[in-house]
Protein chains: 2
Amino acid sequence: MEKPLETLIVDSILDAIADQRLQAGTKLGEQALSDIFACNRVHVRRALSMLTAWQVVDHLPNRGAYVATPTPQDARDVFQARRAIETTICRNVVRLASAPDIAALHQHLALEDAARGQDNRPAKIRLSRGFHTLLARIGGNSVLARYLDELTMRSSLIIGLYATGPDTLCAEDEHARIVAAIEARDEARTLALLDEHLRHIEAGIRFDEKPPLLGTLFNVLGPAR
Amino acid sequence: MEKPLETLIVDSILDAIADQRLQAGTKLGEQALSDIFACNRVHVRRALSMLTAWQVVDHLPNRGAYVATPTPQDARDVFQARRAIETTICRNVVRLASAPDIAALHQHLALEDAARGQDNRPAKIRLSRGFHTLLARIGGNSVLARYLDELTMRSSLIIGLYATGPDTLCAEDEHARIVAAIEARDEARTLALLDEHLRHIEAGIRFDEKPPLLGTLFNVLGPAR
DNA sequence: TGATTATGGATTGTTAACAATCAGTGGTAA
DNA sequence: TTACCACTGATTGTTAACAATCCATAATCA
């Protein structure tokens, strides 16, 4: 066994941010987290500093840690970085996706379809993000995969802050079309569809303020995860 | 005043790694660092965890922290990520470099020229890296700039581990030619030169083992920085 | 002699108490 | 009423002592 203590805390908070159950600006008090995870305050501290390194938590000296609130400029930078990184990832995927990889992509598409039928917004958000991280894993570049993990996380915060319409998720069939292009080993088409897809997501956000509207920490992370 | 304590430690170690004064595999003992920086062990701990987040330090539970030793696969991934990220950075630079930015680039080229004359290897390494981080800053995308900081740092480790010839630094005039292309607002040529430049660096490394050959920590970081 | 196992010293990890800082509250004076 | 200031409670930051783990040396046994 390793030491899944701060890892558990980090992953729980990252999941909550990715699912948009934790909103930008929410205070992450040390005592509160210590109580929730039944652990020492020093573990919470370490977890928070890891999250700070991930750029999803802002640490104000003597004032505590808060879920980061990306600025409009941050949003632009994040999406431009995603285009740069996911382009290379998809080039790799087209080049070296194996048959099981393609099967995994189709399986993921099926899950997304199923979630679209139900009215399960957190699941939809998680699967939508999962598609991109799955591509990153198939691409095989661990550096790019790690960066994309971070960027999709920050994208969740950005979308939660600046999304316009009620449904700013990944569009209906765009993922499926990308998979089809990958399966056909058509690099140009894959990259074109990917770029269109990312710009489509980006187009769904508007850069005007929104109220924080935060829920309590305990409700999000507290009982039964 | 902020709290330049762990920041000082982190920056000192990062500088030492970037300059290749700290080699891969060197142990970073907590007590030793506490003595060197005359501070508490907990600050050293925080600094080391930040460096772990930067992927330039490996943390082995109950065994301490060591300067990371990138694998050949890591090396490939790092350089592919650099190509992806610096391509977008340079596109930005060509688009929005101001006159003072161009002047800063020329000034940097002058510094590199001067260092080439002398036999100051650490200065050459630092300036070579500085050229790329300067481009990143001019590019204006803070996300990509931060990633490139990390990647150039890891590149230093990789080059120190796997470099073949005695002079695997950035080639003579490649930086100058890139600046000329930027100044001409010639995006295609800039990107071509950049790609060639990065592949040239990458070509200078061979993926066979090298002896660690580490110097003591105190000699590198100890007296008078 | 060679391998295996105790043991000592050093290093890392954890805990709890203490100090410093900040936000919010209430009071006082203009 | 409003602005300013002191105070209190809570939260974060720091320190030092304690516990657990690991590496290396040395002793034991085949």
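Details of the structure are given in the entry above.
Each value, and the rule that gives it
- Residues numbered from 1 in each chain as written.
- Chains lettered and ligands numbered in written order.
- Predicted model: local features only at pLDDT ≥ 70, side-chain atom pairs only at ≥ 80, totals over all residues.
- Heavy atoms only, no water.
- Near = heavy atom within 4 Å.
- Polar contact = N/O pair within 3.5 Å; in protein donor to acceptor, adjacent residues only side chain to side chain.
- Helix = DSSP H or I, 4+ residues; strand = E, 2+ residues; numbered from the N terminus.
- Nonpolar A, V, L, I, M, F, W, Y, C, P; charged D, E, K, R; others polar.
- Axes fitted to C-alpha atoms, helices over the stretch in contact; angles between N-to-C directions.
- Parallel < 35°, antiparallel > 145°, perpendicular 65-115°, else oblique.
- Left-handed = near helix turned anticlockwise from the far one by under 90°.
- Contact = heavy atoms within 4.5 Å.
- Buried area = accessible area lost by both parts, 1.4 Å probe.
- Salt bridge = Lys/Arg side-chain N within 4 Å of Asp/Glu carboxyl O.
- Buried < 20%, exposed > 50% of the residue type's maximum accessible area, 1.4 Å probe, protein only.

**Thoughts on the protein's contact with DNA strand D**
Alright, step 1. Inspection of the region around DNA strand D gives 16 residues, with R41(A), R45(A), N62(A), R46(B) and R63(B) positioned closest.
Alright, step 2. When atoms of DNA strand D within 4 Å of the protein are split into backbone and base, the sugar-phosphate part holds 74%.
Alright, step 3. Residue R41(A) places a side-chain N or O atom 2.7 Å away from a base nitrogen belonging to DNA strand D.
Alright, step 4. N62(A) places a polar main-chain atom, nitrogen or oxygen, 3.2 Å from a phosphate oxygen of DNA strand D.
Alright, step 5. Those elements that provide at least two residues to the surface near DNA strand D are helix 2 (30-37) and helix 3 (41-53) of chain A together with helix 3 (41-53) of chain B.
Alright, step 6. The element contributing the most residues to the surface near DNA strand D is helix 3 of chain B, with three residues.
Alright, step 7. Here the surface near DNA strand D is composed, by residue class, of two nonpolar, eight polar and six charged.

**Topic: the protein's contact with DNA strand C**
Alright, step 1. Taken together, 16 residues surround DNA strand C, and among them R46(A), R63(A), R41(B), R45(B) and N62(B) come closest.
Alright, step 2. Close to the protein, within 4 Å, the atoms of DNA strand C are drawn from sugar and phosphate at a rate of 76%.
Alright, step 3. Side-chain polar atom of N40(A) to a phosphate oxygen of DNA strand C: 3.3 Å apart, as the coordinates give it.
Alright, step 4. Of all the elements, helix 3 of chain A adds the most residues to the surface near DNA strand C, at three residues.
Alright, step 5. For the surface near DNA strand C, the residue count by class is two nonpolar, eight polar and six charged.

**Describing the packing of helix 8 (residues 174-183) of chain A against helix 9 (residues 187-203) of chain A**
Residues and elements named next belong to chain A.
Alright, step 1. Two elements in contact, helix 8 and helix 9, have axes separated by 8 Å at closest approach and are oriented at 165 degrees. By the criterion of interaxial angle, the relationship of helix 8 to helix 9 is roughly antiparallel. Helix 8 and helix 9 meet at a crossing whose hand is left-handed. On helix 9, the residues touching E174, H175, R177, I178, A180, A181 and I182 of helix 8 are R189, T190, L193, L194, H197 and H200.
Alright, step 2. By residue class, the composition of the contact of helix 8 with helix 9 is six nonpolar, four polar and three charged.

**A short note on the interface of chain B and chain A**
Alright, step 1. Each partner contributes residues to the interface: chain B has 25 residues there, and chain A has 26 residues.
Alright, step 2. Both faces combined, the contact of chain B with chain A buries some 1900 Å², and carbon together with sulfur accounts for 50% of it.
Alright, step 3. Contact with chain A buries surface across chain B, with Q80(B), V143(B) and Y147(B) losing the most and accounting together for 27% of the total.
Alright, step 4. In this structure, the connection of chain B to chain A is made through 10 residue pairs in polar contact (both at pLDDT 80 or more).
Alright, step 5. Elements with a minimum of two residues in the side of chain B that touches chain A: helix 3, helix 4 (72-96) and helix 7 (142-162) of chain B.
Alright, step 6. Looking at which element gives the most residues to the side of chain B that touches chain A, the answer is helix 4 of chain B, with 10 residues.
Alright, step 7. The residue inventory of the side of chain B that touches chain A, partitioned by class, reads nine nonpolar, eight polar and eight charged.

**Here we look at the pattern of salt bridges**
Residue and element names in this part refer to chain A.
Alright, step 1. Applying the stated criterion to the full structure yields 24 salt bridges over all chains.
Alright, step 2. For the salt bridge of E6 with R46, the shortest nitrogen-to-oxygen distance reads 3.0 Å. Linking E6 in helix 1 (residues 4-18) with R46 in helix 3, this pair joins segments that are 40 residues apart in sequence.
Alright, step 3. Taking relative accessible area as the criterion, R46 reaches 27% and is therefore assigned partly exposed.
Alright, step 4. Among the salt bridges present, the one from R83 reaches E202, with a minimum N-O distance of 2.6 Å. Taken together, the residues R83 in helix 4 (residues 72-96) and E202 in helix 9 connect sequence positions 119 residues apart. Both residues of the pair, R83 and E202, belong to the buried class.
Alright, step 5. One salt-bridge network, in which partners are shared between bridges, spans D19, R21 and R126.

All we've got here are geometric facts, nothing functional implied.
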